[in-house]
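In case you want the letters, here they are:
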Amino acid sequence: MSMLGFTTTMMCTWEAVFFSSFTGLLNGGPPTLIYGFIFCWLGTFSVAASLAEMASFAPTAGGQYHWVSMLAPKSYSNFLSWLTGWIATLGWNANTAAGVFFGGTMIQGLLVLNYPHYGFERWHGTFLMWACLLACIFVNTIGARLLPKIEGVVLILHTLGFFAVLIPLVILAPKGSVSFVFHDFANQAGWSSNGLAWFVGLISTNLPFIGYDGPCHMAEEVQNASTIVPWCMIATIGLNGVLGFAICIAFSFSLTNLNGLNNALSSPTGYDFIEVFQVATNNLAGSSVMTAILIALVTCASFGFLATASRQTWAFARDRGLPFSNFLSY
């Protein structure tokens, strides 16, 4: 349960549908979110099935770069493994930065929503991002022994928070038409074709599925890793995919029409979903609580991002793949 909680909350799929939706809404609107989500869900599952098979026969913290070394042609295996290790290490550290960035800037969005005279500055968001990162560092150092229990609790909050956000949207928000949600493609970014716009919009529907390989980098700290790690990778995509798709539908209907979509995209808070929450509840406290749930969960997801990034970095340094490897591996 702790590893499933770790992976499920780290992916934070239904939460990411909200804070990653801007590009998809700009490049197609609700049809991009919905059909793009299905497309990325199926694609992610197929990739995860392959990675899970590799994790079952070689569960190591290095993950992908170890598997490349084992499976690539011998004449290229060292270079391809080194390249894969760098991509994975940079990717996971960047993912940690992205998680705390979303947390910090959503806090700033709440300030804009609740305090009309607040002077918005980008550096405020930077300092709030660092504050979220400090919380992640605290949990991963001083609170490291409690990390499995924390992730189990966060899994419960991840599930309860889903209903706490979904129910107000379904009950309170005005609803758009079926045609607007499933058919009316709005290419507002100005791309030369709807097909190109749709593929650009996949940035929004791919982000909610990032992180399912996290368990493989924790494999050396898991009992029965050859079974637990692959099953957690697959199970989290199934669980998170269902929750995320439900949010896609509810969020898309809550945009109501093209005017509602444009109002959301131009929200002064910087996040379209905060505007949707405000319209749905017509109440600052209600929309603030719904947003606060997302802030808490994406910050908790960043606990897992940092844990995975640290193990990936450590494993790669252990195999002498990074500068200052002796220091980093120690």
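Everything here concerns the structure above.
To keep things clear, this report deals only with the structure shown in the data block. Quick caveat: nothing in here was measured; it's all calculated off a predicted structure.

### Some thoughts on the overall build of the chain
Here is step 1: Secondary structure assignment for the chain yields 16 helices and two strands.
Here is step 2: Radius of gyration (C-alpha) of the chain: 20 Å, near the 20 Å computed for a compact globule of 330 residues.
Here is step 3: In terms of overall dimensions, the chain has a C-alpha envelope of 55 × 45 × 35 Å along the principal axes.
Here is step 4: Counting the 330 residues in the chain, one finds 52% classified as buried.
Here is step 5: Long-range pairs, those at least 24 residues apart, make up 81% of the contacts in the chain with a sequence separation of at least 6.
Here is step 6: When the accessible area of the chain is evaluated, it comes to approximately 15,000 Å², of which 71% is carbon and sulfur surface.
Here is step 7: Positive and negative charge centroids in the chain, built from 8 and 11 side chains respectively, lie 12 Å apart.

### Re empty space enclosed by the protein
Here is step 1: For the structure shown, the criterion picks out one cavity of 30 Å³ or more.
Here is step 2: The calculated volume of the largest cavity comes to roughly 30 Å³.
Here is step 3: As for the largest cavity, its lining consists of V17, S20, S21, L33, F37, S204, T205, P208 and C248.

### What to know about helix α13 (residues 258-265)
Here is step 1: The complete set of buried residues in α13 reads G260, L261, A264 and L265. Down the axis, α13 shows its buried residues gathered within 135 degrees of arc, on one side only.
Here is step 2: Looking at the buried residues of α13, the elements they touch are α3 (22-26), α9 (178-182) and α14 (272-281).
Here is step 3: N-capping of α13 is provided by N257, with a side-chain oxygen placed 3.1 Å from the backbone N of N259.

Criteria and cut-off values
Residues numbered from 1 in each chain as written. Predicted model: local features only at pLDDT ≥ 70, side-chain atom pairs only at ≥ 80, totals over all residues. Heavy atoms only, no water. Helix = DSSP H or I, 4+ residues; strand = E, 2+ residues; numbered from the N terminus. Rg over C-alpha atoms; globule rule 2.2 N^0.38 Å. Buried < 20%, exposed > 50% of the residue type's maximum accessible area, 1.4 Å probe, protein only. Contact = heavy atoms within 4.5 Å. Areas by Shrake-Rupley, 256 points an atom, 1.4 Å probe, with all protein chains shown as cover. Lys, Arg positive; Asp, Glu negative; His and termini not counted. Charge placed at Lys NZ, Arg CZ, Asp CG, Glu CD. 1 Å grid on protein atoms, 1.4 Å probe; cavity = no way out; pocket = protein on both sides within 12 Å on 5 of 7 lines; lining within 4 Å. Points joined across faces, edges and corners; volume = space filled by probe spheres on them. Arc of directions from axis to C-beta. Polar contact = N/O pair within 3.5 Å; in protein donor to acceptor, adjacent residues only side chain to side chain.

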